[in-house]
Amino acid sequence: MAMFATGTAAETLAQSAPMGPPRSLWADARARFFRNRAAVASLIVLGLVAAFALFGPLVARHSIETIDWAILGNVDEAGGPCFLSGPDNEIPPCSDSGHYFGTDAQARDLFARTVQGTQISLMVGVVGALIAVVVGTLYGAISGYFGGRLDNVMMRIVDILMSIPYMFVLILLLVVFGRSILMLFVGIGLISWLDMARIARGQTLSLREKEFVEAAIATGVHPFRIILRHIVPNLLGVVIVYATLLVPSMIIYESFISFLGLGVQEPLTSWGALINEGADQMRQGLWMLLVPLFFFVVSLFSFFFLGDGLRDALDPKDR
Amino acid sequence: MFAYILRRLLLAIPVLLILVVVTFALMYAAPGSPFASERAVPAAVIANIERAYGLDRPFIVQIGSYIWNVVVHFDFGPSFQYRDQDVNDLIEQGFPVTLTYGFWSFVVAVIVGGALGIAAAIRHNTWLDYLAVGVSIGAQVLPNFVLAPILVLVFTLWLGWLPGGGWQGGQIEYVILPVIALSTSFMASIARIARASMLEVMTSNFIRTARAKGLPGRTIVFRHALKPALLPVLSYLGPAFVGMITGSVVIDLYFSTGGIGQFFVASALNRDYGVMMGITVLLGALTILFNLVVDILYAWIDPKIRY
C-alpha cells in the first residue's frame, strides 16, 4: 500500500521503463482488473442489475400494489410469467397482461415488485457499505495512528460489539422503534463498520511508521490532517476491496431480516421478502420463488467475483 | 495460563452486562406501553398491569432485579403477552430442539468442512480441489434462508424423500434438512479457511524438513501439518457460532422445528418484550461463553500466543 505515496520510487521506475508515458498505480490496477474476465463479467452483470432497478419502473406496466382482479383467485393457473403463455395454459399473453414475471399470490405484478425489491436490496447494500467505509476507516485510522491507550480502548469497544449476537439486537431495535427502512439502515450501519475498523487499523499501524508520515510530523502537520491527507488515501485500496465484499453481506443481512418478516413492510418489498413469499407459494407457483432467487444469487455471485477481482488488482501483496 | 483464563473471564462479565443494559434500556425507551392494544383500555388498567409486572419502578431497580433474578435464580421473568407462560417455559421447550440440530450442524460444518479443505490442499489442483473451491464459492451465495426453500423444493416436493418441516421429537428424517440448511455456508467457509492455511503450511520450511527426513506423507499431514493448519479454523469457530445461532431463527421459522428462534420471531412480531429480552440475553451469554472457550483453546494450542 505504501507504494501509492512513495512518489520517488514510482518515478524512478517510470524513468527506467523503455517507452510510453509513466503509468500511475491506479492505471496499473485498472489494467490488472480488466485482464480478469470473471471480474469484468461481474461488473457487467451488476451494471445490468442496476439498470434493471433504475429503468425497470419505466418498463413495468403495473404498480407494486395494484391487484390484477382478472388473475386473483386463479393465480396458480393464470399468474405465471406471461412469456410462458400458450394454448395449453391459462396465462394471458404479454400484450394483454404485461406481467413479465407473472404475479405474486395476491395477483400483484411480480415484475414491478422485483424491480422495487432490487432497488431496496441494492440500496441497503450500498448504504451499509458506505457507512462502513466512512465510519470504519476513520475509526480504524484514528485508533491505529494514535495507538497506545486510546487504541486499546477503541479496539476493546469493537471487540465487545463484535461478540454480541447483533442480529438479535438489530431485531430488538426494529421492534422497539418501529419497522421502517430508516431504522433498518441505522441498525445495519451500527454493525457494518466493525470489520472495516479492524482492517483500517491494521493497515494504519504499518503506515504510520513510514517516512512520509514522519516527514509530515516533522513539518508540524496537525495529527488529524495527517490522518485525512496521508493515512486515509493510502488505505483506499484495501477499503475499496472490503467495501465491495461488504455489499453482499449487507444485502444478506437485510434479506435475512426481511425473510423473517421484520424488515421492509408491505407494500414495499426486498429480495429477502420476495424469497420468503415465494418460498410459501412454491407448491402452487414456482416462479414466485425462482425470480427473486435468480436476482439474489446472480447479484451476490457478481459482488463476490468483483471483490476478488478488485483485491487482485489493488492489493499487490496477494499476487 | 490460569491468570489468562481469569482475565478473559473478567472481560466477559462487563460484555454481558453491557448487553443486558443495552437491551433493557431499549425496552425501557420503547414508546408506548407493551400492554397497549387496539382496544381502548383505560389508563388506570394499564397502570395496574404495569405495576403487576413491576414496570412502574425506577429503571435502576428494574434492571437490578432483572439481573439478580437471572443470575441467582436463572429466572428470565414473565412473558408480557401470555399470562400462563414465562420465559423459562419457552426456553425449556425450545432450547433442546435448537441445541440438537445446532450441535449436529456444528459437527457437520467442522468435520466435513475441515476434511474437505485439508483434502483439497493436499490434492492441490486436482478435481477434489476444484470441487472444494466450487462448493465454497457456491455456498457463499446460498445463505440458510435461500438454501432452506431450495432444499424443501428438491427433497420434499420433487423427490419426496424427506419431510419439509416439523420435529417429531427429533427423529432423524426431521433433523437432516435443517442441519444441511444451517451448516452448508459455514461448512464452505471452514473448507475455504482450512484449504488456504493448509496450502500455506505445506510449503513451509518445517514440512520440507519432514519430507527431507523421509517421513511418510500420512505422518507429515497428521502429525505435523494438521495442527498449525487448523488454528485459523479454530479462530473462525466463534463467528461461526454466532452465525449459527442467528441462522437458527430462520431454521425454526421455515421448518417449524419449534426451537427457540420461533419464539423469538413470534415475540418480535407481537412486541413481547419479556421474551425478546430473555432470549437475547441467554443467547448473548452463550455466545460470549463460547468465544471464551475458543480463546482459551487457542491460547492453549498455539504456542506463539503469550498470555
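A quick note: this is a predicted structure, and the numbers were derived from the prediction, not measured.

Participant: Hey, could you run me through the overall build of chain A in this one?
Facilitator: When you go through chain A residue by residue, the secondary structure sums to 13 helices and 0 strands. Listing each helix as α and each strand as β along chain A from the N terminus yields α-α-α-α-α-α-α-α-α-α-α-α-α. Here the C-alpha coordinates of chain A stretch approximately 80 × 55 × 25 Å along the principal axes. Taking all 319 residues of chain A together, the buried fraction comes to 50%. Partitioning the contacts of chain A with sequence separation of at least 6, the portion at a separation of at least 24 is 73%.

Participant: What's the story with the overall build of chain B in this structure? I'm lost.
Facilitator: Counting its secondary structure elements, chain B contains 11 helices and 0 strands. Listing each helix as α and each strand as β along chain B from the N terminus yields α-α-α-α-α-α-α-α-α-α-α. Reported as C-alpha extents along the three principal axes, the dimensions of chain B are approximately 85 × 55 × 30 Å. A burial count over chain B gives 47% of its 307 residues as buried. When contacts within chain B are restricted to residue pairs at least 6 apart in sequence, those whose partners lie at least 24 apart make up 71%. A total of about 15400 Å² of accessible surface is found on chain B, and carbon and sulfur atoms cover 67% of it. Taken as two groups, the 18 positive and 15 negative side-chain charges of chain B have centres that lie 20 Å from each other.

Participant: Would you mind showing me how to read the interface of chain B and chain A here?
Facilitator: The interface of chain B with chain A comprises 46 residues on the first partner and 35 residues on the second. When the buried area of chain B at its contact with chain A is split by residue, B:Leu26, B:Val141 and B:Phe145 rank highest and sum to 18% of it. The interface formed by chain B and chain A contains 0 salt bridges. Linking chain B to chain A there are 0 residue pairs in polar contact (both at pLDDT 80 or more). Elements that contribute at least two residues to the side of chain B that touches chain A include exactly α1 (2–29), α5 (127–140), α6 (144–158), α9 (217–255), α10 (260–269) and α11 (273–301) of chain B.

Participant: Just to check I follow, could you spell out the confidence of the model for chain B for this structure?
Facilitator: Caution applies to low-pLDDT parts of the model: their predicted coordinates are not meant to be read in detail. The predicted model of chain B averages 83 in pLDDT, with 96% of residues at 70 or higher. Across the assembled chains, the prediction reports ipTM 0.79 with pTM 0.81.

Participant: What am I meant to see in a nonpolar patch on the surface here?
Facilitator: Residues and elements named next belong to chain B. A cluster of nonpolar side chains, namely Phe2, Leu6, Leu9, Leu10, Ile13 and Leu17, defines an oily patch on the protein surface of about 610 Å² accessible area. With respect to the helices and strands, leucine 6 occurs in helix α1. The class of leucine 6 is partly exposed, set by a relative accessible area of 43%.

Participant: Mind showing me how you'd approach the nonpolar core here?
Facilitator: When a protein is soluble and globular, its nonpolar side chains tend to lie buried together. Counting residues in hydrophobic clusters, the biggest one holds 158 residues, and the most contacted among them are A:Ile171, A:Leu260 and A:Phe296. Here the element with the most residues in this core is helix α11 (residues 223–259) of chain A; it accounts for 18 residues. Counting residues in each nonpolar core, the second largest holds 11 residues, with B:Val201, B:Met202, B:Ile207 and B:Ala225 among its members.

Participant: Hey, could you run me through the packing of aromatic side chains in this one?
Facilitator: Enumeration according to the criterion identifies 25 aromatic pairs over all chains in this entry. Centre to centre, the rings of B:Phe106 and B:Phe241 are 6.4 Å apart; their planes meet at 80°, and the pair counts as edge-to-face. Here B:Phe106 is found in helix α4 (residues 87–122), whereas its partner B:Phe241 is found in helix α9, with 135 residues between them in sequence. The class of B:Phe241 is buried, set by a relative accessible area of 16%. Taken together, A:Phe256, A:Phe259, A:Trp271, A:Phe296, B:Phe145, B:Tyr254 and B:Phe255 form an aromatic cluster joined through their ring pairs.

Participant: What is the right way to look at the environment of B:Val275 in this model?
Facilitator: Residues and elements named next belong to chain B. Among the secondary structure elements, valine 275 is positioned in helix α11. In sequence terms valine 275 and alanine 12 are 263 residues apart; their C-alpha atoms lie 23 Å from each other. Beyond its immediate stretch of four places on either side in the chain, valine 275 contacts Ser79, Val87, Leu90, Phe263 and Ser267.

Participant: I would appreciate a short explanation of the packing of α4(B) against helix α7 (residues 172–202) of chain B in the present structure.
Facilitator: The angle between the axes and the distance between the axes are what describe a pair of packed helices. All names here are of chain B. α7 packs onto α4 with a crossing angle of 35° between their chain directions and a minimal axis gap of 6 Å. Pair α4 / α7 crosses with right-handed handedness. Classifying every residue of the contact of α4 with α7 gives 22 nonpolar, 5 polar and 1 charged.

Participant: So what exactly am I meant to see when it comes to the pattern of salt bridges here?
Facilitator: Pairs may arise between side chains of opposite charge once their charged atoms sit close together. Residue and element names in this part refer to chain A. The final tally for this structure, using the stated rule, is 7 salt bridges over all chains. Taking the shortest distance from any N to any O, the salt bridge between glutamate 209 and arginine 208 comes out at 3.3 Å. One salt bridge in this structure joins arginine 311 and aspartate 308, with 2.9 Å as the shortest N-O distance. A residue pair is termed a helical-turn pair when its members lie 3 or 4 positions apart in one helix, as arginine 311 and aspartate 308 do in helix α13 (residues 287–314) at 3 residues. One connected set of salt bridges, linked through shared partners, spans Asp104, Arg108, Arg113 and Glu277.

Participant: Where do I start with the confidence of the model for chain A in this structure?
Facilitator: Of the residues in chain A, 92% reach a pLDDT of 70 or more, and the chain-wide mean stands at 82. Per-residue pLDDT stays below 50 along residues 1–8 of chain A; that stretch engages in 15 contacts with residues further than four places along the chain or on separate chains.

Participant: When you look at the side chain of B:Ser197 in this model, what are you seeing that I'm missing?
Facilitator: Within the secondary structure, B:Ser197 is located in helix α7. Not counting chain neighbours up to four residues away, the residues in contact with B:Ser197 comprise B:Ala229 and B:Pro232.

Participant: Looking at this model, I keep getting lost on unusual backbone geometry. Mind explaining?
Facilitator: Negative phi is the rule for most residues except glycine; trans is the rule for most peptide bonds. Residues and elements named next belong to chain B. In this structure, asparagine 125 is a non-glycine residue whose phi angle is positive, near 60°. Among the structural elements, asparagine 125 can be located in the loop between α4 and α5. The exposure class assigned to asparagine 125 is partly exposed, which follows from its relative accessible area of 48%.

Participant: Please explain the environment of A:Gln203 as it appears in this structure.
Facilitator: Relative to the assigned elements, A:Gln203 resides in helix α9 (residues 181–207). Distance in space between the C-alpha atoms of A:Gln203 and A:Phe294 is 37 Å, their sequence separation being 91 residues.

Participant: Would you explain α5(B) in this entry?
Facilitator: Compared with the 20 Å implied by 1.5 Å per residue over 14 residues, the 20 Å span of α5(B) between its first and last C-alpha is a close match. Every buried residue of α5(B) is accounted for by B:Leu128, B:Asp129, B:Ala132, B:Ser136, B:Gly138 and B:Ala139. On its buried side, α5(B) packs onto α13 of chain A together with α4 and α7 of chain B.

Participant: Quick question: what am I supposed to make of helix α3 (residues 59–73) of chain B here?
Facilitator: Think of an α-helix as 3.6 residues a turn; residues three or four steps apart then line up on the same face. Residues and elements named next belong to chain B. When the terminal C-alpha atoms of α3 are compared, their 20 Å separation across 15 residues agrees well with the 21 Å that a helix rising 1.5 Å per residue should span. Among the residues of α3, Gln62, Ile63, Tyr66 and Val70 are the ones counted as buried. Along α3, the residues classed as buried sweep out an arc of 90° about the axis, all on the same side. Exposed positions of α3 whose direction lies more than 90 degrees from the buried face are Ile60, Trp68, Val71 and His73. The inward-facing, buried residues of α3 contact α1 and α11. One or two steps after α3, the chain reaches phenylalanine 74, where phi turns positive at roughly 50°.

Participant: Sorry, what's going on with the side chain of B:Thr184 here?
Facilitator: Residue and element names in this part refer to chain B. In this fold, threonine 184 is placed in helix α7. Reaching out from threonine 184, the side chain makes a polar contact with the backbone oxygen of isoleucine 180 at a distance of 2.6 Å. Once you skip the residues sitting within four places of it in the chain, threonine 184 turns out to touch Ala139 and Leu147.

Cut-offs used in this document
- Residues numbered from 1 in each chain as written.
- Chains lettered and ligands numbered in written order.
- Predicted model: local features only at pLDDT ≥ 70, side-chain atom pairs only at ≥ 80, totals over all residues.
- Heavy atoms only, no water.
- Helix = DSSP H or I, 4+ residues; strand = E, 2+ residues; numbered from the N terminus.
- Buried < 20%, exposed > 50% of the residue type's maximum accessible area, 1.4 Å probe, protein only.
- Contact = heavy atoms within 4.5 Å.
- Areas by Shrake-Rupley, 256 points an atom, 1.4 Å probe, with all protein chains shown as cover.
- Lys, Arg positive; Asp, Glu negative; His and termini not counted.
- Charge placed at Lys NZ, Arg CZ, Asp CG, Glu CD.
- Buried area = accessible area lost by both parts, 1.4 Å probe.
- Salt bridge = Lys/Arg side-chain N within 4 Å of Asp/Glu carboxyl O.
- Polar contact = N/O pair within 3.5 Å; in protein donor to acceptor, adjacent residues only side chain to side chain.
- pLDDT = per-residue confidence, 0-100.
- Patch = residues over 30% accessible without salt bridge, like charges linked within 9 Å, V, L, I, M, F, W, Y side chains within 5 Å.
- Core = buried A, V, L, I, M, F, W, Y, C linked by side-chain atoms within 4.5 Å.
- Phe/Tyr/Trp six-rings, centres within 6.5 Å; stacked < 30°, edge-to-face > 60°.
- Axes fitted to C-alpha atoms, helices over the stretch in contact; angles between N-to-C directions.
- Left-handed = near helix turned anticlockwise from the far one by under 90°.
- Nonpolar A, V, L, I, M, F, W, Y, C, P; charged D, E, K, R; others polar.
- Expected span 1.5 Å × (residues − 1).
- Arc of directions from axis to C-beta.

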